[in-house]
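These are the residues of each chain, in order.
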Amino acid sequence: MNIQQDLVQRDLKYIWHPCSQMKDYEELQPIVIDRGEGVFLYDKNGKEYLDIVSSWWCNLLGHCNPKINEGIKNQLDKLEHVIFANFSHEPAITLCEQLMEIIPKGLTKFNFSDNGSASVECALKMAFQYQYQTGHPEKKKFMCFSDAYHGETIGALSVGCLDLYAKIYQPMLMSTIHIQAPDCYRCPYGKCRDCCNAECFEYAEKAFEQYAEETCAMIVEPLLQGSAGMRIYPPIYLKKLRELCDKYNVLLIADEIATGFGRTGKMFAFSHADVNPDIMCISKGLTGGYMPMAITITTDEIYNAFYADYNEGKAFMHSHTYSGNPLGCSAALAVQKIFREEPILENASKRAVYLNKKLNDALVGHKNVGEIRHIGLINAIELTPDKKAKAEYPSEQRIGYQIYKKALEKGLILRPLGNVLYFNPPLIINEQEIDKAVSVCRECVIEVLGGD
Ligand SMILES: *Cc1c(COP(=O)(O)O)cnc(C)c1O
């Protein structure tokens, strides 16, 4: 038995992998990764994998980035962790100062947690308590988009609308108001993404008319509904939503966990719309994908509603053991340093144009490619059995999964979202690596679906 096989047996004996039907592992065994470098991962036998999905959308600047490694190592010999209530440390303080220079305007107060879902829970509780403490105890509900994804904990699932993750838990979830999200590929108004006036915003208008009085906040994935299949909608929608939220005193929560730190071509997706949220959640790219850390950032106005004498009971009594972890902060600081020293966003923008062109050249004419959409370096290939009708493959066929398995054999990590294949590579990917990923993707699509 080679070393990979031995580790697989030992893995399957104990490990329950996330988001997996473990029975699938009988056929597709876990790949035991030994090391990473740049956009590549290497398994125990030295086989190379191109990590086109940034290891669950978090690796921002490559695996084992020397500058981030160094930042963490330096911190490690000084302080690994300290209670963050009443105590602080320089990495957290400096990190907030540096983030202040790049986040949307008006956001000024930083509440740390340790994963994306936790930062969403924090945002929901903050919004609820803000409304309560400013004279609106009737505002108890949350609005969210259909097909939204905001994480896996109970509150985050409640503002998510993907049956795959939430359906079974419905009896446990709080009831929320779902607004029909923009669906530009199958636009009910027959418009296109770049030429519309967000006609579908009328769904939001109607929902606000009916429910805004009892609503404390609306949470959105700005411009990109990631887990829904990398659905992309135009900035004008966010502009309109900002106005509507102001009109009805509904807070606007931006879940920038997937979109933050340059994924959409700008530092944050909200920057495309030139409007600001009241609360913003960031995680994933924050530490370059190195350490679990998240931050819920809000305005002075919201912060001030909690600021009072202790006995008034207005404090935000929310905490996580690893809030503000110094190692996480040191990784995040290293990421910020790289953004300051290197033209990461400029280069990523050039590569984004290159990648989209390559993908279009390779696949847009294929009989089962309905659409190739992109924002920043993120590209999604929507597969359909019938281009004209924009039909959907039945999920039992697991078309995306079959292509995923083929791609793995060929050394490309092309995890699908249902019938959508996507590229969401580290921002440092180069043209040669893009060429490789696109050509393997094309081969696999043709092997599974035929055509040329
Ligand atoms: C990943 C993600 C989350 C959840 O973050 P976790 O760290 O996995 O809990 C929430 N919202 C969005 C948009 C995400 O992409």
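Residues numbered from 1 in each chain as written. Predicted model: local features only at pLDDT ≥ 70, side-chain atom pairs only at ≥ 80, totals over all residues. Heavy atoms only, no water.

Let's talk about the side chain of Gln4
Tracing the backbone through its elements, the reader meets Gln4 in helix H1 (residues 3-14). For Gln4, a relative accessible area of 8% translates into the label buried. (Helix = DSSP H or I, 4+ residues; strand = E, 2+ residues; numbered from the N terminus. Buried < 20%, exposed > 50% of the residue type's maximum accessible area, 1.4 Å probe, protein only.)

Looking at the sheet that holds strand S2 (residues 40-43)
Judged by pairing direction, the sheet is antiparallel, and its three strands sit side by side in the order S1-S2-S3 without closing on themselves. The open sheet has two edge strands with one neighbour each: strand S1 (33-37) and strand S3 (48-50). The sheet shows a mean angle of 25° between the axes of neighbouring strands, taken without regard to direction. Relative to S3, S2 is paired through three bridges, and the arrangement is antiparallel. Counted as the bridge partner of Leu41 is Tyr49 from S3. (Pairing = 2+ DSSP bridges. Axes fitted to C-alpha atoms, helices over the stretch in contact; angles between N-to-C directions.)

Focus: the layout of surface pockets
Remark: the empty space left among the atoms is shown by a probe the size of a water molecule rolled over them. By volume, the second largest pocket is sized at about 970 Å³. Together, 27 residues line the second largest pocket, and Phe84, Phe110, Asn111, Phe316 and His318 are the ones closest to its centre. Broken down by secondary-structure element, the contributors of at least two residues to the lining of the second largest pocket are helix H4 (90-100), strand S4 (107-113) and helix H11 (300-304). Per-element tally for the lining of the second largest pocket: the top contributor is S4, with four residues. A class-by-class count of the residues in the lining of the second largest pocket yields 17 nonpolar, nine polar and one charged. (1 Å grid on protein atoms, 1.4 Å probe; cavity = no way out; pocket = protein on both sides within 12 Å on 5 of 7 lines; lining within 4 Å. Points joined across faces, edges and corners; volume = space filled by probe spheres on them. Nonpolar A, V, L, I, M, F, W, Y, C, P; charged D, E, K, R; others polar.)

Observations concerning the site of the ligand
Taken together, Trp57, Asn115, Gly116, Ser117, Tyr149, His150, Gly151, Glu221, Asp255, Ile257, Ala258 and Lys284 make up the full set of residues near the ligand. Between the ligand and the protein, one listed contact pairs an oxygen atom with a side-chain N or O atom of Asn115 at 3.4 Å. Relative to its unbound accessible area of 380 Å², the ligand is 83% covered by the protein chains. Grouping the constituent residues of the shell around the ligand by class yields four nonpolar, five polar and three charged. (Near = heavy atom within 4 Å. Polar contact = N/O pair within 3.5 Å; in protein donor to acceptor, adjacent residues only side chain to side chain. Areas by Shrake-Rupley, 256 points an atom, 1.4 Å probe, with all protein chains shown as cover.)

A word on the state of the cysteines
Each disulfide is one covalent bond, formed between the sulfur atoms of two cysteines. The final tally for this structure, using the stated rule, is one disulfide. Bridging Cys192 to Cys195, the disulfide has an S-S length of 2.3 Å. No disulfide involves Cys64; its sulfur sits 13 Å from that of Cys58, the nearest cysteine. Cys64 sits in the partly exposed class, given a relative accessible area of 44%. Lacking any disulfide linkage, Cys96 is separated from the closest cysteine sulfur, that of Cys329, by 7.4 Å. (Disulfide = S-S within 2.5 Å.)

So, the side chain of Thr264
The residue Thr264 is located in the loop between strand S10 (251-255) and helix H10 (270-273) in this model. A polar contact of 3.0 Å, which involves the side chain of Thr264, links it to the side chain of His272. With residues up to four places along the chain from it excluded, the contact list for Thr264 reads Thr259, Ala269, His272, Ile375 and Gly376. (Contact = heavy atoms within 4.5 Å.)

Observations regarding the pairing of strand S13 (residues 369-375)
Where burial is concerned, most of S13 is hidden: five out of the seven residues are buried. Sheet topology places S13 next to strand S14 (residues 378-383); six bridges connect them, and they run antiparallel. Note on S14: the bridge partner recorded for Val369 is Leu383.

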